[in-house]
Amino acid sequence: MNSEDPRQVELDTRLRKVFGGLDAGAGFEERVMQRVAVPGTTAPRENLRAQFERRRELLRRRLRREAWMNSITILGLGACAGALLWRYASAIQQFATDAAPAVDANLLIGGTVAALGAALWFLIWRAQSGR
Amino acid sequence: MPADDAIIALIQESRAGEAFERLVPAYRRRVFGLAYSLLRDRGAAEDVAQEVFVKLWQALPRYDGRAQLSTWIYAITRNAAISAIRKRRRSLSLSDPVVQDEVESRGALAAAEPADTSLWRQVDALPDRQRQAVTLYYQEERKVEEVAAMMGLPVNTVKTHLHRARASLAAALRIAGLEVA
């Protein structure tokens, strides 16, 4: 910004004069040192430990809450499925009786196992990924 | 920056206390200047600078060297100053008559010649980024690159702000009858 224009040079000089003295007040460093030395201001190592403990406690609470939510979800789904089975038991029985001769027994067992496996995999994945 | 290298070496040796003792004098003016350029108030800038150094004291052991030390400190300062502005809810302006009286009573300005007081006011009337660039650039004969790092802007953008600010100031002073040279 060193312009050759004498008016700009003069402006630069005046701006340096105005802003050149811009600094914190006397005793600023001492006040900072006093603030970090007071007991209320935790030392870095202690601060880190406190932070670590706080985060661990928050994580523990979150996991407990999620475990409750997962249990309630599974119980709710189970109850709904049970109620549906109870309500439509006769229709399901009728359907199974009618379909049994037409469907291969191995296919029926394999399909059921695959469906249960997929559901179990989903629950495990959900628990591990924390979603 | 050699001072930064020494400070970083101390942090890596887990000597954060000694690193902090070196950091405060090395960055005092820069942190204060950056806070002032955003807040436009000496008292508030000093409060923010104090807060920044306390934060640095607490965060220093976590500094991992991924960002440059100065970049990290400038980012903390900018965030602290912006938080202070939000807390204050309204930005104080030197053109506000109430604040003007207060500002004129302050040491630096009270001691200034009338022409400098006028210049100060013209700078205050500049757009925020231009005013900030001018304050930081002329505070300590800084390079444009450093001003850019402090403001968190590209170098060319800062050059443009400085160029426009100087043109505006020259024109404003000419109109005010305080033409330079």
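Keep in mind that what you see is a predicted model, and the values were worked out from it rather than measured.

### What to know about the environment of R40(B)
All names here are of chain B. Position of R40 relative to the elements: it lies in the loop between helix 2 (16–39) and helix 3 (42–59). Sequence separation between R40 and R131 is 91 residues, and the spatial gap between their C-alpha atoms is 9.5 Å. Only 3.1 Å separates the side chain of R40 from the side chain of D124, close enough to count as a polar contact.

### Re a nonpolar patch on the surface
All names here are of chain A. A cluster of nonpolar side chains, namely I74, W121, F122, L123 and W125, defines an oily patch on the protein surface of about 510 Å² accessible area. It is helix 5 (residues 105–129) that provides the largest number of residues to the nonpolar patch, a total of four residues. Within the fold, W121 resides in helix 5.

### Overview of the confidence of the model for chain B
All names here are of chain B. Looking at chain B as a whole, the pLDDT averages 82, with 81% of positions reaching at least 70. Throughout residues 101–111 the model reports pLDDT below 50, and contacts reaching past four residues in sequence, or to other chains, amount to twelve contacts. As scored by the predictor, the complex reaches a pTM of 0.61 and an ipTM of 0.73.

### Notes on the packing of aromatic side chains
Here the structure, examined in full by the defined rule, presents nine aromatic pairs over all chains. Geometrically, the ring pair formed by F19(A) and W120(B) is stacked, given 5.5 Å between the ring centres and 25° between the ring planes. Here F19(A), found in helix 1 (residues 6–19), pairs with W120(B), found in helix 7 (residues 114–124), and the two come from separate chains. Here F19(A) matches W120(B) in class, with each residue buried. Taken together through their ring pairs, the aromatic side chains of W121(A), F122(A) and W125(A) make up a single cluster. For R87(A), the ring lying beneath its charged end belongs to Y88(A), and the centroid distance is 4.9 Å. Here the basic side chain of R30(B) rests over the ring of Y27(B), its NZ or CZ set 4.1 Å away from the ring centre.

Each value, and the rule that gives it
- Residues numbered from 1 in each chain as written.
- Chains lettered and ligands numbered in written order.
- Predicted model: local features only at pLDDT ≥ 70, side-chain atom pairs only at ≥ 80, totals over all residues.
- Heavy atoms only, no water.
- Helix = DSSP H or I, 4+ residues; strand = E, 2+ residues; numbered from the N terminus.
- Polar contact = N/O pair within 3.5 Å; in protein donor to acceptor, adjacent residues only side chain to side chain.
- Patch = residues over 30% accessible without salt bridge, like charges linked within 9 Å, V, L, I, M, F, W, Y side chains within 5 Å.
- Areas by Shrake-Rupley, 256 points an atom, 1.4 Å probe, with all protein chains shown as cover.
- Salt bridge = Lys/Arg side-chain N within 4 Å of Asp/Glu carboxyl O.
- pLDDT = per-residue confidence, 0-100.
- Contact = heavy atoms within 4.5 Å.
- Phe/Tyr/Trp six-rings, centres within 6.5 Å; stacked < 30°, edge-to-face > 60°.
- Buried < 20%, exposed > 50% of the residue type's maximum accessible area, 1.4 Å probe, protein only.
- Lys NZ or Arg CZ within 6 Å of the ring centre and 35° of its normal.

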